Amino acid sequence: MEFSVLNESSLHNTLKVFYATKTNGQMEVNAEGHIYDVVGEDGHIYEIQTKNLGKLCSKIQDTLEKGYKVTLVHPLVITTKIVTEDKDSNIISSRKSPKKGHILDLFNELRGIYPVLLHKNFQLEVFEVNIIEHRLRTAEKIQSKNKMRRMKKDWIKTNKRLDEILKQHTFNSKEDYFNLLPDNLPESFCAKDLAALYNVQNKELSRGEKIPSRIIYNTNLIIWIMNKMELLEFIEVKNRSRYYSLKK
């Protein structure tokens, strides 16, 4: 096995070191045609991915097929503190981003990796975290490195740091994913029913815990993914809505 040093954010590196220490493992291990973030003492493989989980799907599938146990670690950002600095590392501004994450945002990431989620040797560990995002003020407005900006801006991201871990979730069974659904789910339900029940749930939650409207308006995504995972059974089409039941 060979070892190398890769360019990555402080957030990614912090979690990698944590798992290497926890498992008495080694980092950045070159094996089986892949470079793995951490390989534990017992051979268990840990991959840390801050976003775009789907990019790892083929790598994880190949690793599982070769008989390894794999844990995918995903830090799900709840709040972000944005610190902007000049070229001399002087802080220009520090503010909290208005966007707040929620555990149900996880479904946006599951779209590209649902084929492996219920594999017997696969586990998904999700940390709800607060992070600090560092930005560098630029003299002119520029495009981002990944060319994704619709409009040029006068800053670029330079790093993401872990500020605080709020909660940890482990997903390795059907029940773990069912727990993300609202309470009092009827035997047969559609996307509109999910949205209505999440709205009811919101009335009982404090302001900081409420489910964002972007999730409630997109419950079709939750049903689509759970159906792809074969966690749901199609029942019927009624009033132009598709109804499902949980497949226990």
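Above this text you will find the structure in question.
In what follows, the accompanying structure is described. (Residues numbered from 1 in each chain as written. Predicted model: local features only at pLDDT ≥ 70, side-chain atom pairs only at ≥ 80, totals over all residues. Heavy atoms only, no water.)

### Let's talk about the overall build of the protein chain
What the protein chain contains, in helices and strands, is 7 helices and 10 strands. The C-alpha extent of the protein chain, read off along each of the three principal axes, is 60 × 45 × 30 Å. The buried share of the protein chain, reckoned over its 248 residues, is 44%. Within the protein chain, contacts between residues separated by at least 24 positions form 61% of all contacts whose residues are at least 6 apart in sequence. Accessible area for the protein chain stands at about 14,600 Å²; split by element, carbon and sulfur atoms hold 46% of it. (Helix = DSSP H or I, 4+ residues; strand = E, 2+ residues; numbered from the N terminus. Buried < 20%, exposed > 50% of the residue type's maximum accessible area, 1.4 Å probe, protein only. Contact = heavy atoms within 4.5 Å. Areas by Shrake-Rupley, 256 points an atom, 1.4 Å probe, with all protein chains shown as cover.)

### A short note on the side chain of D105
Of note, D105 is situated in the loop between β6 (91–96) and α3 (106–110). Sequence-distant contacts of D105, that is, excluding residues within four places in its chain, are made with L76, K100, R214 and I215.

### Overview of the layout of surface pockets
Each pocket or cavity is described by its volume, and for the second largest pocket that value is around 500 Å³. Lining the second largest pocket are 22 residues, with H102, I103, E128, K167 and E209 sitting closest to its centre. Secondary structure elements with two or more residues in the lining of the second largest pocket: β8 (153–171) and α5 (191–203). Ranked by residues supplied to the lining of the second largest pocket, first place goes to β8 with 3 residues. Across the lining of the second largest pocket, the residue classes tally to 10 nonpolar, 6 polar and 6 charged. (1 Å grid on protein atoms, 1.4 Å probe; cavity = no way out; pocket = protein on both sides within 12 Å on 5 of 7 lines; lining within 4 Å. Points joined across faces, edges and corners; volume = space filled by probe spheres on them. Nonpolar A, V, L, I, M, F, W, Y, C, P; charged D, E, K, R; others polar.)

### Topic: the nonpolar core
Counting residues in each nonpolar core, the largest one holds 47 residues, and the members touching the most others are I60, F107, L110, I113, F122, L124 and Y177. If sequence neighbours within four positions are ignored, I60 has contacts with V70, L72, I113, V116 and F122. In terms of nonpolar packing, the next biggest core, distinct from the first, is built from 11 residues, L11, L15, V73 and V129 among them. (Core = buried A, V, L, I, M, F, W, Y, C linked by side-chain atoms within 4.5 Å.)

### Points about the pattern of salt bridges
Within the structure shown, the criterion is met by 9 salt bridges. Residue E47 pairs with K59 through a salt bridge whose shortest N-O separation is 2.9 Å. Of the two residues, E47 sits in strand β4 (residues 45–48) while K59 sits in helix α2 (residues 57–65), which places them 12 residues apart along the sequence. Comparing E47 with K59, the two get one shared label, buried. Among the charged side chains, a salt-bridge network with shared partners connects E32, D62 and K66. (Salt bridge = Lys/Arg side-chain N within 4 Å of Asp/Glu carboxyl O.)

### Some points on the pairing of β6
Successive side chains on a regular strand alternate, one facing one side of the sheet and the next facing the other. Looking at chain direction, strand β5 (residues 70–85) and β6 are connected through 5 bridges and run antiparallel. Within the sheet, the bridge partner assigned to I82 lies in β6 and is R95. (Pairing = 2+ DSSP bridges.)

### Brief notes about the packing of aromatic side chains
Any pair of aromatic rings gets described here by the distance separating the centres and the angle formed by the planes. Under the counting rule described, the total for this entry stands at 6 aromatic pairs. A ring pair is formed by F18 and Y19, whose centres lie 5.2 Å apart and whose planes are at 90°; its orientation type is edge-to-face. Ring geometry for Y114 versus W224: centroids 5.7 Å apart, planes at 85°, classification edge-to-face. In this pair, Y114 sits in the loop between α3 and β7 (122–142) while W224 sits in helix α7 (residues 219–228), placing the two residues 110 residues apart along the sequence. What makes Y114 partly exposed here is its relative accessible area of 22%. Every member of this aromatic cluster is reached through a ring pair, and the members are F18, Y19, Y46 and F127. One cation-aromatic arrangement involves K238 over Y243; the distance from NZ or CZ to the ring centre is 4.7 Å. (Phe/Tyr/Trp six-rings, centres within 6.5 Å; stacked < 30°, edge-to-face > 60°. Lys NZ or Arg CZ within 6 Å of the ring centre and 35° of its normal.)

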